[in-house]
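# Results of the structural survey
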Amino acid sequence: MNPIIEFCISNLATGTQVVMQQLERDPNVDVVEYGCLGYCGICSLDHFCLVDGETVVGETPEELLEKIYQKIEENEL
């Protein structure tokens, strides 16, 4: 079963869209976009998503992508 990566549409507009597009090309993850994930405080401050229901945050899109793959590796162990 592939990890599920969930994005908030409001956060995508802050630059996280690039991360989602990269992940959509990865056949080993499933990407889902929602109108709101209910993490408005985090969403307004940083780039973020949920990886299998766990919050992952990065100061830049590049950092977020790196942390997403780190979280996936941690969950596989």
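In the nomenclature of an unreviewed UniProt entry, the protein is known as YuzB family protein of Exiguobacterium antarcticum.

Note on placement: Asp26 falls in the loop between α1 (9-24) and β2 (30-34). Among buried Asp, Glu, Lys and Arg side chains, Asp26 stands out as unpaired, with Arg25 the closest opposite charge at 9.6 Å. Here Asn28 takes part through its backbone nitrogen, which lies 2.8 Å from a polar atom of the side chain of Asp26.

So, about α1. With 16 residues, α1 extends only 15 Å from end C-alpha to end C-alpha; this falls clearly short of the ideal 22 Å at 1.5 Å per step. Within α1, the axis deviates most sharply at Gly15, by approximately 100°. Turning to α1, its buried residues number three or more, namely Asn11, Leu12, Thr16, Val19, Met20 and Leu23. In the core, the buried residues of α1 are packed alongside β1 (4-8), β2, α2 (40-45), β3 (47-51) and α3 (61-76).

What follows concerns the pairing of β1. Judged by how many residues are buried, β1 sits mostly within the fold: 4 of 5 residues are covered. Bridge count between β1 and β2: 5 bridges; the pairing is parallel. What sits directly across from Glu6, in β2, is Val32. Taken together, the 2 bridges between β1 and β3 define a ladder with antiparallel strand orientation. Along β3, the bridge assignment pairs Glu6 with Leu50.

Take the sheet that holds β2 next. Spatial ordering of the open sheet is given by β2-β1-β3-β4, a layout of 4 strands whose pairing is mixed. Of all strands in the sheet, those with a lone pairing partner are β2 and β4 (54-58), marking the two edges. On average, each strand axis in the sheet is tilted by 30° relative to the strand beside it, whichever way the strands run. As paired strands, β3 and β4 are joined by 5 bridges and run antiparallel to one another. Note that in β4 the partner of His47 across the bridge is Gly58. On the sheet, α3 packs against β1, β3 and β4 and is oriented at approximately 145° with respect to β4.

Rules used in this analysis
Residues numbered from 1 in each chain as written. Predicted model: local features only at pLDDT ≥ 70, side-chain atom pairs only at ≥ 80, totals over all residues. Heavy atoms only, no water. Helix = DSSP H or I, 4+ residues; strand = E, 2+ residues; numbered from the N terminus. Buried < 20%, exposed > 50% of the residue type's maximum accessible area, 1.4 Å probe, protein only. Lys, Arg positive; Asp, Glu negative; His and termini not counted. Salt bridge = Lys/Arg side-chain N within 4 Å of Asp/Glu carboxyl O. Polar contact = N/O pair within 3.5 Å; in protein donor to acceptor, adjacent residues only side chain to side chain. Expected span 1.5 Å × (residues − 1). Bend = angle between axes of the 7 residues up to and from the residue. Contact = heavy atoms within 4.5 Å. Pairing = 2+ DSSP bridges. Axes fitted to C-alpha atoms, helices over the stretch in contact; angles between N-to-C directions.

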